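Each chain is listed here by its residues.
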Amino acid sequence: MGRAIVATAALSALLAVCGCTVQGTDADGKHHLPVRIELPGSTASPSASPSATASAPSATPAADVLWSRGDSGSGVRELQARLRQVDWLFDGPTGTYDDLTEQAVAGFQGKRGLPKTGETDKVTWQRLLGMTHEPGKWDLYLMGGQPAGAPDPRCLTGRVLCIDKTTRTLRWMIDGRTVSTMSVRFGAQYTPTRDGVFHVYWKARNWVSTLYHSPMPYAMFFSGGQAVHYSYDFSMRGYAGGSHGCVNVRDEAAIASLFAQVRTGDKVVVHR
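Basis of the calculations
Residues numbered from 1 in each chain as written. Predicted model: local features only at pLDDT ≥ 70, side-chain atom pairs only at ≥ 80, totals over all residues. Heavy atoms only, no water. 1 Å grid on protein atoms, 1.4 Å probe; cavity = no way out; pocket = protein on both sides within 12 Å on 5 of 7 lines; lining within 4 Å. Points joined across faces, edges and corners; volume = space filled by probe spheres on them. Helix = DSSP H or I, 4+ residues; strand = E, 2+ residues; numbered from the N terminus. Nonpolar A, V, L, I, M, F, W, Y, C, P; charged D, E, K, R; others polar. Core = buried A, V, L, I, M, F, W, Y, C linked by side-chain atoms within 4.5 Å. Buried < 20%, exposed > 50% of the residue type's maximum accessible area, 1.4 Å probe, protein only. Contact = heavy atoms within 4.5 Å. Salt bridge = Lys/Arg side-chain N within 4 Å of Asp/Glu carboxyl O. Disulfide = S-S within 2.5 Å.

Q: In this structure, what is going on with the layout of surface pockets? I would like to understand it.
A: Over the atoms rolls a probe the size of a water molecule, and its path tells where empty space is left. In this model, the largest pocket occupies a volume close to 440 Å³. The wall of the largest pocket is formed by 22 residues, among which Tyr212, Ser214, Met216, His244 and Cys246 lie closest to the centre. Looking at the lining of the largest pocket, the elements with two or more residues in it are strand 10 (215–223), strand 11 (226–230) and helix 7 (232–237). Ranked by residues supplied to the lining of the largest pocket, first place goes to strand 10 with 3 residues.

Q: Looking at this structure, how should I read empty space enclosed by the protein?
A: Summed over all chains, the structure comprises 1 cavity of 30 Å³ or more. Of the voids in this model, the largest cavity is the one considered here, and its volume is about 40 Å³. For the lining of the largest cavity, the elements supplying multiple residues, two or more each, are strand 5 (159–164) and strand 6 (169–174). Of the residues assigned to the lining of the largest cavity, the class counts are 6 nonpolar, 4 polar and 2 charged.

Q: What is the right way to look at the nonpolar core in this model?
A: Considering soluble globular proteins, one finds that nonpolar side chains tend to be buried as a cluster. Ranked by internal contacts, the top residues of the largest apolar core, which has 22 residues, are Leu161, Ile163, Leu170, Met220, Val228, Leu258 and Val268. Secondary structure elements with two or more residues in this core: strand 5, strand 6, strand 7 (177–185), strand 10, strand 11, strand 12 (247–249), helix 8 (252–261) and strand 13 (267–271). Beyond its immediate stretch of four places on either side in the chain, Met220 contacts Val200, Trp202, Lys203, Ala227, Val228, Ile255, Leu258, Phe259 and Val262. Residues Val76, Val86, Leu89 and Tyr97 belong to the second largest nonpolar core, which totals 12 residues.

Q: For this particular structure, what's the right way to read unusual backbone geometry?
A: Comment: phi is negative for the bulk of residues other than glycine, and the bulk of peptide bonds are trans. For the bond from Gly92 to Pro93, the omega torsion is 5 degrees, close enough to zero to count as cis. As for its placement among the helices and strands, Pro93 is situated in the loop between helix 3 (74–85) and helix 4 (99–111). Positive phi outside glycine occurs at Asp175, with the angle close to 50 degrees. Mapping Asp175 onto the fold places it in the loop between strand 6 and strand 7. Residue Asp175 is classed as exposed on the basis of its relative accessible area of 60%. With phi around 55 degrees, Tyr218 is a residue other than glycine that occupies positive phi space. Position of Tyr218 among the secondary structure elements: in strand 10. In this structure Tyr218 comes out as buried when scored by relative accessible area, which is 9%.

Q: How should I be thinking about the pattern of salt bridges in this particular structure?
A: Working definition: two side chains of opposite charge can pair if their charged atoms are close together. Scanning the entire structure with this criterion turns up 9 salt bridges. With a closest N to O distance of 3.3 Å, Asp64 and Lys122 form a salt bridge. On the criterion of sequence distance, the pair formed by Asp64 in the loop between helix 2 (50–53) and strand 3 (65–67) and Lys122 in helix 5 (residues 122–131) is long-range, its members being 58 residues apart. Its relative accessible area of 44% is what places Lys122 among the partly exposed residues. What you see here is one network of salt bridges that share partners, running through Lys165, Asp195 and Arg272.

Q: Help me out: how do you make sense of the state of the cysteines in this one?
A: Formally, a disulfide is one covalent bond, and it connects the sulfur atom of one cysteine to the sulfur atom of another. Counted according to the given criterion, the structure contains 1 disulfide. Each sulfur in the disulfide pair Cys155 and Cys162 lies 2.1 Å from the other. Judged by the sign of its S-S torsion, about 80 degrees, the cystine formed by Cys155 and Cys162 is right-handed. No difference in accessibility class separates Cys155 from Cys162, as the two residues are buried.

Next comes the structure, spelled out in structure tokens:
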């Protein structure tokens, strides 16, 4: 009897150390519910099931966001051009994801039953791609902002208004150094801007065309009635319009600064 008690105590001690689960038996030899013995420091509950102690599944990841407010670049510019095609954006493209772009994306999403986040995720982008065509270069730069090309060799000496018809840009250059660059617009099909080398022969801060009766602020005349000047229409419509032969600038602050620097006699090179 004494040996049995000692053996039972030893077994109990061993089980306590090992943290095992054992089953006992009733007097009739049938098994009863298991007795779970936990190691010190264990946090598992005796009644907890394996599924209850398993780690909770992670939340479903949100759709991948391609662009959101504050982003900039060619992708944002294309997004804006496509939003213009479906009449959700009327400004730009600017290449910067601003508040107007965010509102346009949210409106587009809501109309199509998508979450109105204002962020362009992959689902929104694919839906927009399916409804629009690939924008051309001047759809992407409808309101200017395009990079300038290399200056014509005739622009590399002296003080020059170097005007590139291919990239639709004007460089103000002094001794081969570019001082400033701005987007410009040219004459329409039947009133083209002349190519060649000219010189500024007259400047007029507030001029109104005597032929077309349209305002020509900051006018710098270089060939007959053709001048470099600020255009309200270019500022409003971008490349959707054209001039009567003049070189239009849409950035009023930029041409105001240019007007203050250019002198009568400075060279004008209009090239392709």
